[in-house]
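Chain and residue survey
Residue-level listing of the chains:
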Amino acid sequence: MILTIVFLFNFFGKSFFGDSGTYSLAFLIGTICIKFIYENPQAVSPYFIALLLWYPATENLFSIIRRVILKKNLSVADNLHLHHLIYLFFLKKKYFINNLKIKHKDNKEVWNTFKQISKEPEQCMGAYVISMTSKASDILSVYFLQKQAETKNLLRVVPLFETLDDLKNAKSVMENIFKLSWYRRLINHKQEVMIGYSDSSKDAGKLSASWHQYKLQEELRNLAKKYKIDLVFFHGRGGSAGRGGGPIQATLKSQPANTVNGKIRITDQGEVIQQKYGYKPLAEYNLCSYIGAVMDASLNPPPKSKKNWRELIEKMSEIATSSYRKNLNQSEDFIRYFKTVTPHKSLGKLAIGSRPAKRKNVDNIQSLRAIPWVFAWTQIRLMLPAWLGTTEALRYGSIKKFSKTLTDMEKNWPYFVSTMDILDMVITKVDPEISIIYENNLADSALKRIGKKLRFQFDALVKLHNKITPKEVFKERKEFRKALFIRNNYTETLNILQATIMNKINNNKYKKVDKKFLDDALMTSIAGISAAMKNTG
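Attention here is on the structure that accompanies the text. Note that the structure is a prediction, hence the values are computed from the model and not measured.

Points about the pattern of salt bridges
- Evaluated as defined, the whole model comprises 14 salt bridges.
- The salt bridge partner of E314 is K215, with a shortest N-O separation of 2.9 Å. Within this pair, whereas E314 is found in helix α14 (residues 307-329), its partner K215 is found in helix α10 (residues 206-227), the two being separated by 99 residues in sequence.
- Exposure remark for E314: the relative accessible area of 23% places this residue in the partly exposed category.
- You can call K215 buried: its relative accessible area is 17%.
- Of the charged contacts, one joins K516 and D520 as a salt bridge, the two residues approaching to 3.0 Å between their closest N and O atoms. Of this pair, K516 and D520 both sit in helix α25 (residues 512-533), four residues apart, which is roughly one turn of that helix.

This is the structure in C-alpha cells:
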C-alpha cells in the first residue's frame, strides 16, 4: 500500500518526494523482492528481479548525476525525475496541432480563431455555433480544437441544422452524440440546438421547411428526455416571412408542446433590431412581449397534434418541396429571371449586411445566402420564397377527401393557424402587377413567360387561401392588415423608380459619373422599399 501511494504521488506530480522518495521506492521494492526469493527460491528467475529493480537503480543514478550537474542539494524535492520527464513527454504529445505547419489559408484562420478563444476571458465568450451541421463529428471537432488550443473554459457548442436534409437527420446526429456517456458529462447534461429558418426555406420552400422544423423539435425533445438532457432551442429567425419571421406570441404558441419550458433563444437581426429596439418604450414593449410569449407557451402548451393532421401536412410538405424545387431547377430561364429582374447584384453594395452576399465565389443559387435571396424577391414585390410551392400543397389539401381535416387544422392546431396567418400577411404584401413593371424595363420575352407563370401560381394560391380560410378569420385578418394596404400605395412609386433606374444602369450610353448617381439612386430605392415592407431582413 505504501509503495503504491509513493509511486502514484511521485508519478502524477501531486507531491514530489525528491530523491528520498526514489530511495524509499528502491528500498521497498528491493525488500519485497529479497523476501519473496528467500521464501520461494525456485519460483522466480533472478533476471525478473533485476527487471524489477532497474528503474529505482537507474533513477538513483540519474538523480545523483542531475544534482551534481545542476549543483543542487540532494534533499530538495523536484519534478525532474525520469518518470516525470517521460510523463510530460507523452502529455505534450496530446497538444500537437500547434506544432503542425498549417499552410491552407482557411485552416490557418480556423486554428488562429481557436487560439484566440483560449486567450479571451470567459465573460467575453458565449456559444460556438456550427453552421451547416450534418454529422456528430462536426460537434466533437469543435470541442477537440478547443482542447488542442488549451482553452480553460470551454465554449458551449451549438449545432445549427439548416438545410432540409440536415433538419431530417438532426435526430440521428444528436442521438449518436447523446448516447456517449462521456459527452453527456462534458456538457453537464445541458445542450443547445439552433434551428435554421433561412436556408431550409431557400432549400425546400417555406411550408416544407416549417413542418420539418416542427418535427425536429419534437424528435429532439423526446431524445433529450430519454438521455436526461436539459435542452434549449435557439431559433435563428429573420424578419421576413421567408426566413421565419412573424409575431412572437403566435410563433411560440405554435411550437410543439414542452419545447419552450421557460427558456428559449431567438435572433433579431437586420432592420428588425432598429424597428423593435430603436426607441426605449418600444424596446420595453417588445421585451415584455417575449417574456409573455415564453410564459404562455410554457404554462399553456398547445394540444397534441392529431394523426390525420400530421399525415395531411406531411403529404402537403412533400408536394410543396417538389413544386418549389421544380420551379428552381426545371428551367434555366428561372435563374436568369432572378438575376435580371431583381436588384440582387446591387445588394452586396448595401452597407447593411453582416455577411457577404455569397458563401463562395460561385455564380449559382446554391452559393447565394438566404438573406439576399429573400431580400431580392421582396424588392420586386413577389416575395417568392415565402409562398412558392404552397399553391400545389393547398390544392391537394383542399380536395373533398381532406377538406374537413384542413378546416379542423385551421381552427384547432396552433402550428397550422400560425402558418396560414403568415401566408395571409405575405399575400397582402405581394403585388404581382409590380413585377410586370420590372419585366417591361428589364426582361426579354422568355423571362416574361416565367413571370406570367409565377403570377398565375400566385393568383391560384390567393383563391385557394380565400376558399379554405373561415370567413370570421378572413375578416379579422383583413381588418388587421389595413396599415399594409395604405403603405403599399406609397411603395409602388419607389418600385416604379427602381425599375427605371435599373434599366438605365444596364444602358451603356451613360457615362461613369452618371452611373455613380444612378447607383446611389438605386441604393436609396432599395432602402426605401425595405423600410416600407417592414420585415425584409
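Side note on helix α17 (residues 370-379)
- Counting buried positions along α17 yields nine of ten residues, so the element is predominantly enclosed.
- Buried within α17 are the following residues: A370, P372, W373, V374, F375, A376, W377, T378 and Q379.
- With its phi angle positive at about 70 degrees, R381 sits one or two positions after the end of α17.

A few points about the environment of T378
- Structurally, T378 can be placed in helix α17.
- Here T378 falls in the buried class, since its relative accessible area comes to 1%.
- Each C-alpha atom, one on T378 and one on V430, is 8.2 Å from the other, the two residues being 52 residues apart in sequence.

Quick word on the environment of G451
- Locating G451 in the fold gives a position in helix α22 (residues 445-468).
- Distance in space between the C-alpha atoms of G451 and F338 is 9.9 Å, their sequence separation being 113 residues.
- Discounting residues that sit within four places of it in the chain, G451 has contacts with Y337 and E439.

Observations regarding the packing of α10 against α14
- One way to put it is that α10 packs onto α14 with a least axis distance of 8 Å and a crossing angle of 135 degrees. Judged by the angle between their axes, α10 and α14 are oblique. Crossing of α10 against α14: the hand is left-handed. Residue-level contacts link L207, S208, W211, H212, Y214, K215 and E218 of α10 to R310, I313, E314, M316, S317, A320 and T321 of α14.
- In terms of residue class, the contact of α10 with α14 is built from six nonpolar, four polar and four charged.

The rules behind these values
- Residues numbered from 1 in each chain as written.
- Predicted model: local features only at pLDDT ≥ 70, side-chain atom pairs only at ≥ 80, totals over all residues.
- Heavy atoms only, no water.
- Salt bridge = Lys/Arg side-chain N within 4 Å of Asp/Glu carboxyl O.
- Helix = DSSP H or I, 4+ residues; strand = E, 2+ residues; numbered from the N terminus.
- Buried < 20%, exposed > 50% of the residue type's maximum accessible area, 1.4 Å probe, protein only.
- Contact = heavy atoms within 4.5 Å.
- Axes fitted to C-alpha atoms, helices over the stretch in contact; angles between N-to-C directions.
- Parallel < 35°, antiparallel > 145°, perpendicular 65-115°, else oblique.
- Left-handed = near helix turned anticlockwise from the far one by under 90°.
- Nonpolar A, V, L, I, M, F, W, Y, C, P; charged D, E, K, R; others polar.

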